[in-house]
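What follows is each chain in one-letter form.
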Amino acid sequence: MSAAPRVVTLGETMALMHSGTIGSLAHLPSVELAIGGAESNLAIGLSRLGVPTAWVGRVGDDPLGMRVVREIRGEGVEVHCAVDPQRPTGLMIKSRPTGATTRVDYYRSGSAASAIAPADLPEQLIERAELLHISGITPLLSASAHATVLTAVRRAVATGATVSLDVNHRSRLGSRDHLAELLGEILEHVDILIGGPEELALLAPEIDASAPSELLEALTRPGRQVVAKLGPDGAAALAEGRLHEAAGHVVDVVDTVGAGDAFVAGYLSAHLEGLGVPQQLERANACGALACTVPGDWEGAPRPHELAALLAGGSADPVSR
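Since this is a predicted model, take the numbers as computed values, not measurements.

**Student:** Mind showing me how you'd approach the overall build of the protein chain here?
**Tutor:** Broken down by element type, the protein chain carries 9 helices and 14 strands. Its C-alpha atoms give the protein chain a radius of gyration of 19 Å, near enough to 20 Å, the size a compact globule of 321 residues would have. Structurally, the protein chain occupies a C-alpha span of about 55 × 45 × 45 Å along its principal axes. In the protein chain, buried positions account for 55% of the 321 residues. Sequence separation of at least 24 residues holds for 70% of the intrachain contacts in the protein chain that already meet a minimum separation of 6. Counting only carbon and sulfur atoms, one obtains 52% of the accessible surface of the protein chain, whose full area is about 13,800 Å². One way to put it: in the protein chain the 24 positive side-chain charges average out to a point 3 Å from where the 38 negative ones average out.

**Student:** What should I look at first to understand the nonpolar core in this one?
**Tutor:** A general feature of soluble globular proteins is that nonpolar side chains tend to end up buried together. Formed by 42 residues in total, the largest nonpolar core has its most connected members in L132 and L193. Judged by nonpolar contacts, the second largest core, of 21 residues, contains L131, A239, A246 and Y267.

**Student:** Help me out: how do you make sense of the packing of helix α7 (residues 259-272) against helix α8 (residues 277-291) in this one?
**Tutor:** If you want to describe how two helices pack, look at the angle between their axes and the distance between the axes. As a packed pair, α7 and α8 sit with axes 7 Å apart at the nearest point and diverge in direction by 150°. Taken together, the axes of α7 and α8 are roughly antiparallel relative to one another. Taken as a pair, α7 and α8 cross one another with a handedness that is right-handed. Together, A259, A262, F263, G266, Y267, S269, A270 and H271 of α7 and V277, Q279, Q280, L281, R283, A284, N285, C287, G288 and A291 of α8 make up the contact between the two elements.

**Student:** Please explain the environment of A15 as it appears in this structure.
**Tutor:** In this structure, A15 sits in strand β2 (residues 14-22). By relative accessible area, which is 1% here, A15 ends up buried. Between the alpha carbons of A15 and L64 there is a distance of 5.9 Å; along the sequence they are 49 residues apart. Beyond its immediate chain neighbours, meaning those up to four positions away, A15 contacts L33, A34, I35, L64, V68, T89, G90, L91 and M92.

**Student:** How do you make sense of the side chain of H146 when you look at a structure like this?
**Tutor:** Relative to the helices and strands, H146 is located in helix α3 (residues 143-158). Its relative accessible area of 12% is what places H146 among the buried residues. Those residues in contact with H146 that lie beyond four places of it in its chain are T138, P139, L182 and E185.

**Student:** What is the right way to look at the pattern of salt bridges in this model?
**Tutor:** When their charged atoms lie close together, side chains carrying opposite charge are able to pair. Summed over all chains, the structure comprises 14 salt bridges. Across the salt bridge formed by R58 and D120, the nearest N and O atoms sit 3.0 Å from each other. Placement of R58 in strand β4 (residues 53-60) and of D120 in the loop between β7 (101-107) and β8 (131-135) is noted, with a sequence separation of 62 residues between them. Residue classification places R58 among the buried residues on the basis of a relative accessible area of 16%. Among the residues examined, D120 registers a relative accessible area of 19% and is labelled buried. A salt bridge links E71 to R70; the shortest N-O distance between them is 3.9 Å. Residue classification places E71 among the buried residues on the basis of a relative accessible area of 19%. Shared partners join several salt bridges into a network, and the residues in it are R58, D84, R87 and D120.

**Student:** For this particular structure, what's the right way to read the sheet that holds strand β6 (residues 91-98)?
**Tutor:** Taken in spatial order, the 4 strands make up an open sheet running β3-β2-β6-β7, and their pairing is mixed. The outermost strands of the open sheet, each flanked by one partner alone, are β3 (32-36) and β7. Neighbour-to-neighbour, the strand axes of this sheet turn through a mean angle of 30°, independent of strand direction. Strand direction decides the pairing type here: β2 and β6, joined by 5 bridges, are parallel. Considered in β6, the bridge of H18 is made with K94. Contacts from helix α2 (residues 63-74) reach β2 and β3, with the element oriented near 65° to β3.

**Student:** Whenever I open this one, the state of the cysteines confuses me. Can you help?
**Tutor:** In a disulfide, the sulfur atoms of two cysteines are held together by a covalent bond. In total, this model carries 0 disulfides according to the counting rule given. The cysteine C287 is free of any disulfide, with C292 supplying the nearest cysteine sulfur at 11 Å. Judged by its relative accessible area of 1%, C287 falls in the buried class.

The rules behind the values
Residues numbered from 1 in each chain as written. Predicted model: local features only at pLDDT ≥ 70, side-chain atom pairs only at ≥ 80, totals over all residues. Heavy atoms only, no water. Helix = DSSP H or I, 4+ residues; strand = E, 2+ residues; numbered from the N terminus. Rg over C-alpha atoms; globule rule 2.2 N^0.38 Å. Buried < 20%, exposed > 50% of the residue type's maximum accessible area, 1.4 Å probe, protein only. Contact = heavy atoms within 4.5 Å. Areas by Shrake-Rupley, 256 points an atom, 1.4 Å probe, with all protein chains shown as cover. Lys, Arg positive; Asp, Glu negative; His and termini not counted. Charge placed at Lys NZ, Arg CZ, Asp CG, Glu CD. Core = buried A, V, L, I, M, F, W, Y, C linked by side-chain atoms within 4.5 Å. Axes fitted to C-alpha atoms, helices over the stretch in contact; angles between N-to-C directions. Parallel < 35°, antiparallel > 145°, perpendicular 65-115°, else oblique. Left-handed = near helix turned anticlockwise from the far one by under 90°. Salt bridge = Lys/Arg side-chain N within 4 Å of Asp/Glu carboxyl O. Pairing = 2+ DSSP bridges. Disulfide = S-S within 2.5 Å.

Quick look at the structure:
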């Protein structure tokens, strides 16, 4: 019997069609099929790192929904997924019109996941977990999805579970102001707040996004860790009044999609192991870097031996001040 999940997350996972060659979809003869979604990417990343994780979602009663469930479950994630007979599974299509550009088209309006509701949250699942992870994507899907996130957070808070939030703003789903308004209802309950500088800035609009340390300071609260994802430049975190910074890794980049989710998985896994913030950043940066070396949204999420190999190869030591 598998271990009870230590982490619970929820959100939309879509079927993913992507072209294997460069060129417009108007002319390419075929595409490949996969899946992708920020929260399931994170769940897979945690599962590969040995953290029992559950994902709550919703798919259509269609072959794409079956694929979503099968792929996530196949990665060792505990799946709690409602099947909606009235709405389709969401779809995204990635293509490379030129060697220097990537195009992503979404077909998620009215999807099964957009109808996720508080009733889709299994009883006692969150209450038994140590950590609830949410992203800024889900509240923007619909009013019922927003209500589901609020319900999940309240249940986590009631039992003393840690709440982590990756801002993860998707402009096609809603504006910065709208997301800031929705997240404002839960921000006081967030123990680990993660985002890129532009994303953190939507929660602290008075601060310049080009000043990450000022953003971290503006968003810190007693007991909260605030983490800025800085891409190739690494990451920074403010915890208990102390600023920690970690350099990134130089890798051969194939696909950056999903790197942020792998970063968060690395950070949370180290947090759950009781490691210090510098070690959490070190692992997060390594996971994000490794994810960039493989095409796909989650396929490059590392396993422990891959992580150890990168870290053994020599990385810049995190610095604190």
